[in-house]
Amino acid sequence: MSIDTLNAPRGRDTGAPAWMWGAGVGLALVAWVLAYSQLVPFSAWLVSLLPVDPQSRLGSALAFFFYDTPKVILLLTLVVFAMGVVRSYFSPEKTRALLAGKCEGLGNVLAAGLGVLTPFCSCSAVPLFIGFVSAGVPLGVTFSFLIAAPMVNEVALGLLFALVGWPVALTYLAFGLALAIVAGWVIGRLKLEGWLQDWVKEIQVGAGLSLPQGRLSFVDRLKLGLEAVRDIVGRVWIWMIVGIAAGALIHGYVPAELMARIMGADAWWSVPAAVLVGIPMYSNAAGVIPIVEALLDKGAALGTTLAFMMSVIALSLPEMIILRKVLTLRLIAVFLAVVGGGILMVGYLFNLLFS
């Protein structure tokens, strides 16, 4: 990453004054908020221009794609820019020192708690994950966030409370948080940072970014944020689109009735079968709750259904496709094994407690 403009001698004007940069960033943020608020009508308008029925499977898949693609790219751009500015205050080495070692357990708890407060689907949480990893936050801590953000949030808890009552909702919250914290901690203990993609490791150790010596100005920090956007978004945007396209096809064409037949019995194999069926799918908590309600109405076991829900929003195939740009296949396999094992335990425990 080149930031030669930041290395110019201090005291010499290298461009627009700070107030113009600040005003430009403010206007960009206003434009971002306006664009984000119009994503739903924008996607509906695009579908209306096409010769398809908006209520058909194809129309549903297209609406999903037209909505999620700009949403995820907007989130990625904002988060990476913010992380680039933050990294100008804290070097990767200082960040790792703050959250690593004896503080890692607390870091997992804090990351999982942050995830509860950010009601993102798995693909929307990936931009934050990338920002954390590239800033040098320990890998296990970032995974705690990635697991908790889509799986345990106020949307999921509120809908579960309305659907099956507070005992199940609170139990889901406890098990979901425990899974995010423990799985992240286990991955952190395995010390698998070497299994990140090379470009991410270069950013972590500062090989891709040479900070200028001396005190950075406000404009310098904004320029670092823009450089981070050009570098990281430029590397991962195509993977974002591929992952969202896969999710749109699944969202529009996978029937809920098929899942109900697989998960309708309390046989021992129903929980792993539900997890395997859920992994290729993609939805946020709000999107999968109606499926959960339909499955329960058709006689699916509660633990089996919630294991399916967890696998859909924490282990989705589109999420894995996007993460492939950041993680090696070996690290993705470890993530699937650790989180998948935890989800199986949650499913069996729910079937035992609420049978």
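The following refers to the structure shown. Computed from a prediction, not measured in an experiment: that's the story for all the values here.

Calculation criteria
- Residues numbered from 1 in each chain as written.
- Predicted model: local features only at pLDDT ≥ 70, side-chain atom pairs only at ≥ 80, totals over all residues.
- Heavy atoms only, no water.
- Helix = DSSP H or I, 4+ residues; strand = E, 2+ residues; numbered from the N terminus.
- Buried < 20%, exposed > 50% of the residue type's maximum accessible area, 1.4 Å probe, protein only.
- Contact = heavy atoms within 4.5 Å.
- Areas by Shrake-Rupley, 256 points an atom, 1.4 Å probe, with all protein chains shown as cover.
- Expected span 1.5 Å × (residues − 1).
- Core = buried A, V, L, I, M, F, W, Y, C linked by side-chain atoms within 4.5 Å.
- Salt bridge = Lys/Arg side-chain N within 4 Å of Asp/Glu carboxyl O.
- Axes fitted to C-alpha atoms, helices over the stretch in contact; angles between N-to-C directions.
- Parallel < 35°, antiparallel > 145°, perpendicular 65-115°, else oblique.
- Left-handed = near helix turned anticlockwise from the far one by under 90°.
- Nonpolar A, V, L, I, M, F, W, Y, C, P; charged D, E, K, R; others polar.
- Phe/Tyr/Trp six-rings, centres within 6.5 Å; stacked < 30°, edge-to-face > 60°.
- Patch = residues over 30% accessible without salt bridge, like charges linked within 9 Å, V, L, I, M, F, W, Y side chains within 5 Å.
- Polar contact = N/O pair within 3.5 Å; in protein donor to acceptor, adjacent residues only side chain to side chain.

### Some points on the overall build of the protein chain
Here is step 1 of the chain: What the protein chain contains, in helices and strands, is 17 helices and zero strands.
Here is step 2 of the chain: Within the protein chain, the fraction of its 355 residues that count as buried is 49%.
Here is step 3 of the chain: Contacts in the protein chain between residues at least 24 apart in sequence constitute 84% of all its contacts with a sequence separation of at least 6.
Here is step 4 of the chain: Within the structure as shown, the protein chain displays about 15800 Å² of accessible surface, and the carbon and sulfur contribution to it stands at 71%.

### Concerning helix α9 (residues 166-189)
Here is step 1 of the chain: With 24 residues, α9 extends 34 Å between its outermost C-alpha atoms, agreeing within 8% with the 34 Å of an ideal straight helix rising 1.5 Å per residue.
Here is step 2 of the chain: Along α9, the positions that sit buried rather than exposed are Val-168, Ala-169, Thr-171, Tyr-172, Gly-176, Leu-179, Ala-180, Ala-183, Gly-184, Ile-187 and Gly-188.
Here is step 3 of the chain: Lys-191 sits one or two residues past α9 and shows a positive phi near 55°.

### Topic: the nonpolar core
Here is step 1 of the chain: Formed by 67 residues in total, the largest nonpolar core has its most connected members in Phe-129, Leu-139, Phe-143, Met-151, Tyr-172, Leu-327 and Phe-335.
Here is step 2 of the chain: Residue contributions to this core peak at nine residues, all from helix α15 (residues 302-314).
Here is step 3 of the chain: Discounting chain neighbours no more than four positions away, the residues touching Leu-327 are Phe-129, Phe-143, Trp-195, Leu-196, Gln-197 and Ile-332.

### Describing the pattern of salt bridges
Here is step 1 of the chain: Counted under the stated rule, the structure contains two salt bridges.
Here is step 2 of the chain: Residues Asp-68 and Lys-71 are paired through a salt bridge, measuring 3.4 Å at the closest nitrogen-oxygen approach. In this pair, Asp-68 and Lys-71 both sit in helix α3 (residues 57-87), three residues apart, roughly one turn of the helix.
Here is step 3 of the chain: Classification of Lys-71 as buried rests on a relative accessible area of 6%.
Here is step 4 of the chain: With a shortest N-O distance of 2.8 Å, Glu-227 and Arg-230 are connected by a salt bridge. Residue Glu-227 and its partner Arg-230 are both found in helix α11 (residues 218-253); the two are separated by three residues, about one turn of the helix.
Here is step 5 of the chain: Take Arg-230: its relative accessible area is 55%, and that puts it in the exposed class.

### Side note on α15
Here is step 1 of the chain: Taking 1.5 Å per residue as the helical rise, α15 with its 13 residues ought to reach 18 Å, and the 18 Å between its terminal C-alpha atoms agrees with that figure.
Here is step 2 of the chain: Buried residues dominate α15, accounting for 13 of its 13 residues.

### Description of the packing of helix α13 (residues 270-278) against helix α17 (residues 329-353)
Here is step 1 of the chain: For the pair α13 and α17, interaxial distance at closest approach is 9 Å and the crossing angle is 135°. On the basis of their axis angle, the class for α13 and α17 is oblique. For the crossing formed where α13 meets α17, the hand is right-handed. Two secondary-structure elements touch here, α13 through Val-271, Pro-272 and Val-275 and α17 through Ile-343, Leu-344, Gly-347, Tyr-348 and Asn-351.
Here is step 2 of the chain: Partitioning the contact of α13 with α17 into residue classes produces six nonpolar, two polar and no charged.

### So, the environment of Pro-280
Here is step 1 of the chain: If you trace the backbone, Pro-280 turns up in the loop between α13 and α14 (285-297).
Here is step 2 of the chain: Pro-280 gets classed as partly exposed once you look at its relative accessible area, which sits at 34%.
Here is step 3 of the chain: Spatially, the C-alpha atom of Pro-280 lies 9.5 Å from that of Met-320, the residues being 40 residues apart in sequence.

### Digging into the packing of aromatic side chains
Here is step 1 of the chain: Under the defined criterion, the tally for this structure stands at five aromatic pairs.
Here is step 2 of the chain: Taken together, a centroid distance of 6.3 Å and an interplanar angle of 35° make the contact between Phe-42 and Trp-45 tilted. In this pair, Phe-42 and Trp-45 are both assigned in helix α2 (residues 39-48), three residues apart and thus about one turn of the helix distant.
Here is step 3 of the chain: Overall, Phe-42 belongs to the partly exposed group, its relative accessible area being 36%.
Here is step 4 of the chain: Judged by centre distance (4.8 Å) and plane angle (25°), the ring pair of Phe-143 and Phe-335 falls under stacked. Taken together, the positions of Phe-143 in helix α7 (residues 139-151) and Phe-335 in helix α17 put the pair 192 residues apart, joining distant regions of the chain.

### Let's talk about a nonpolar patch on the surface
Here is step 1 of the chain: A surface patch of nonpolar side chains, amounting to about 500 Å² of accessible area, comprises Met-345, Leu-349, Leu-352, Leu-353 and Phe-354.
Here is step 2 of the chain: You can see Leu-352 is positioned in helix α17.

### Description of the side chain of Asn-108
Here is step 1 of the chain: One can find Asn-108 in helix α5 (residues 104-116).
Here is step 2 of the chain: Among the residues examined, Asn-108 registers a relative accessible area of 0% and is labelled buried.
Here is step 3 of the chain: Reaching out from Asn-108, the side chain makes a polar contact with the backbone oxygen of Gly-140 at a distance of 3.1 Å.
Here is step 4 of the chain: Contacts of Asn-108, omitting those with residues within four sequence positions, involve Gly-140, Val-141, Ser-144, Ile-181, Gly-184 and Trp-185.

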